[in-house]
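Summary of the model geometry
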Amino acid sequence: MIRIQRLVLGLAFAAGLLLAAAPGPAKPRNVILLIGDGMGAGLVTAAGVRSGAPTHMERMSVTGLLRTATAETLPIDSAAGGTALATGVSVPNGRVSTSADGAILPTVLEKAREAGKATGLVTSGSLTQAPAACFAAHVANRSAEKEIAAQLLDSRLDLLLGGGRRHFPEPNGWHLPGGIEQVGTLARGPTLGFFERPEVGQPAEPGSYLTTSSLVRGALGFLAPAKKGFFLVVVHDQIDHAGHKQLPEEGLRHVLELDAAVGICRRFALESKDTLVVVSADHDTGNLTLERGVPDRREVTVSYPTSRHTGNPVPVYAEGPGSIGFTGTYDQTALPRRILRAAGVER
């Protein structure tokens with residue numbers, strides 16, 4: 001059975017490479033970047049075993065590895081990792097899209113906006129926390145959440161969805177939907193939706209909060225009418241929290257929640273035929289280990305040997321126009337440059 005599965009996966013991988021290189025738009029009109037905060041490769045593998053089939057991430061056309069480190073230290077935190085993914089620049093831990101000397105570092109969302117694309121930032125956590133904040137704010141210390149919130153309101157992004165309401169001043173000039181079904185489309189103007197959820201490990205009734213998939217559906221519906229396309233960043237925070245608390249089952253659950261959102265983005269890309277989807281992580285948390293199991297029975301025993309960030313490389317998955325350029329092993333700072341080149345925003 002295992003041999004058959006490996007053969008099928010091998011054929012699927014080869015077919016994926018052919019699809020990645022198949023004729024189609026030379027450049028994607030839309031870009032979706034999904035980030036699993038603290039998501040190492042072990043988590044993705046274990047999630048596939050537990051679900052009984054490869055994850056959407058593992059089924060994407062192109063895979064690679066990102067080396068994670070700052071110029072001074074290893075491992076990195078979510079601010080340095082988020083800044084690397086958002087700006088292509090290595091900075092000290094704690095800084096949010098600012099260099100060591102305080103210079104503002106333009107982000108991929110800001111560059112996409114200047115190129116005329118609609119822009120959106122979605123997170124399952126707080127909008128004011130890294131790595132999400134790194135895509136639209138610039139501060140010397142990640143703990144300056146009220147300053148981050150004020151900058152997000154001035155960011156000129158089209159859509160913000162996530163938590164952290166208590167850090168924000170009165171959001172004048174923003175449409176504030178009461179629920180995800182009220183987000184609407186670009187025609188509503190700048191839209192800010194606050195959607196909170198419980199901490200990892202706390203009991204919660206099913207349906208008492210919005211999943212990342214629900215947020216992504218709302219964001220895609222909002223951004224899809226953009227005449228020049230859009231750039232959407234999606235962050236799932238709770239994977240990192242599960243690692244810090246050494247709750248491996250929670251870690252797997254949250255990877256599968258992110259993976260469901262990846263599946264929605266893949267379907268959107270398949271239908272639109274002009275959307276590049278990229279999935280990666282800011283760093284690894286906990287070094288989740290697969291100790292033993294029976295994959296045919298969807299059984300796997302996992303553990304976190306540490307509650308800290310590690311310097312392990314993190315996976316990158318890509319699919320859609322330009323995705324063939326994301327294969328290989330390279331520095332994390334190269335990923336945003338590859339995305340912008342693929343989209344024709346930068347050379």
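This write-up is about the structure you can find in this document. All figures in this text were calculated on a predicted structure; none of them were measured in a lab.

What counts as what
Residues numbered from 1 in each chain as written. Predicted model: local features only at pLDDT ≥ 70, side-chain atom pairs only at ≥ 80, totals over all residues. Heavy atoms only, no water. Salt bridge = Lys/Arg side-chain N within 4 Å of Asp/Glu carboxyl O. Helix = DSSP H or I, 4+ residues; strand = E, 2+ residues; numbered from the N terminus. Buried < 20%, exposed > 50% of the residue type's maximum accessible area, 1.4 Å probe, protein only. Phe/Tyr/Trp six-rings, centres within 6.5 Å; stacked < 30°, edge-to-face > 60°. Core = buried A, V, L, I, M, F, W, Y, C linked by side-chain atoms within 4.5 Å. Pairing = 2+ DSSP bridges. Contact = heavy atoms within 4.5 Å. 1 Å grid on protein atoms, 1.4 Å probe; cavity = no way out; pocket = protein on both sides within 12 Å on 5 of 7 lines; lining within 4 Å. Points joined across faces, edges and corners; volume = space filled by probe spheres on them. Nonpolar A, V, L, I, M, F, W, Y, C, P; charged D, E, K, R; others polar.

With respect to the pattern of salt bridges
- Within the structure shown, the criterion is met by 10 salt bridges.
- Residues Arg67 and Asp331 are paired through a salt bridge, measuring 2.8 Å at the closest nitrogen-oxygen approach. Within this pair, whereas Arg67 is found in strand β2 (residues 62-67), its partner Asp331 is found in strand β13 (residues 328-331), the two being separated by 264 residues in sequence.
- When the shortest N-O distance is used, the salt bridge between Arg142 and Asp77 registers 3.4 Å. Residue Arg142 is found in the loop between β3 (118-126) and α5 (145-153), and its partner Asp77 is found in the loop between β2 and α3 (78-87); the two are separated by 65 residues along the sequence.
- The class for Arg142 is partly exposed, based on a relative accessible area of 30%.
- Three or more residues joined by partner-sharing salt bridges are found here, namely Arg113, Glu114 and Arg156.

A short note on the packing of aromatic side chains
- Across all of its chains, the model carries 2 aromatic pairs by this definition.
- Measuring from centroid to centroid gives 5.0 Å for Phe168 and Phe194, while their planes differ by 70°, and the two rings are edge-to-face. With Phe168 in the loop between β4 (159-163) and β5 (191-194) and Phe194 in strand β5, this residue pair connects regions lying 26 residues apart in the sequence. Here Phe168 matches Phe194 in class, with each residue buried.
- With a centroid separation of 5.8 Å and 55° between ring planes, the pair formed by Phe230 and Phe268 is classed as tilted.

A short note on the nonpolar core
- Membership of the largest hydrophobic core comes to 95 residues, with the highest contact counts inside it found for Leu34, Phe135, Phe231 and Phe326.
- Among the elements that make up this core, the one with the highest residue count is helix α8 (residues 248-272) (9 residues).

Quick word on the pairing of β4
- By the criterion of burial, β4 is predominantly enclosed, with 5 of the 5 residues buried.
- Two strands pair when backbone bridges link them, and β3 and β4 are joined in this way by 4 bridges, in the parallel orientation. Counted as the bridge partner of Ser126 is Gly163 from β4.
- Sheet topology note: the β4/β5 ladder contains 4 bridges and is parallel. Across the sheet, the residue bridging to Gly162 is Phe194, located in β5.

Thoughts on α3
- Of all 10 residues making up α3, 10 are buried, and the element is well covered by its neighbours.
- Taken residue by residue, α3 has Ser78, Ala79, Ala80, Gly81, Gly82, Thr83, Ala84, Leu85, Ala86 and Thr87 as its buried positions.
- Residues of α3 that are buried make contact with β1 (30-36), β2, α4 (108-114), β11 (309-310) and α9 (334-342).
- Looking one or two places after α3, you find Gly88, whose phi comes out positive at around 80°.

A few points about empty space enclosed by the protein
- Counted according to the given criterion, the structure contains 1 cavity of 30 Å³ or more.
- Here the largest cavity is characterised by a volume of approximately 40 Å³.
- Lining of the largest cavity is provided by Thr123, Ser124, Phe195, Glu196, Arg197, Leu210 and Leu215.
- A class-by-class count of the residues in the lining of the largest cavity yields 3 nonpolar, 2 polar and 2 charged.

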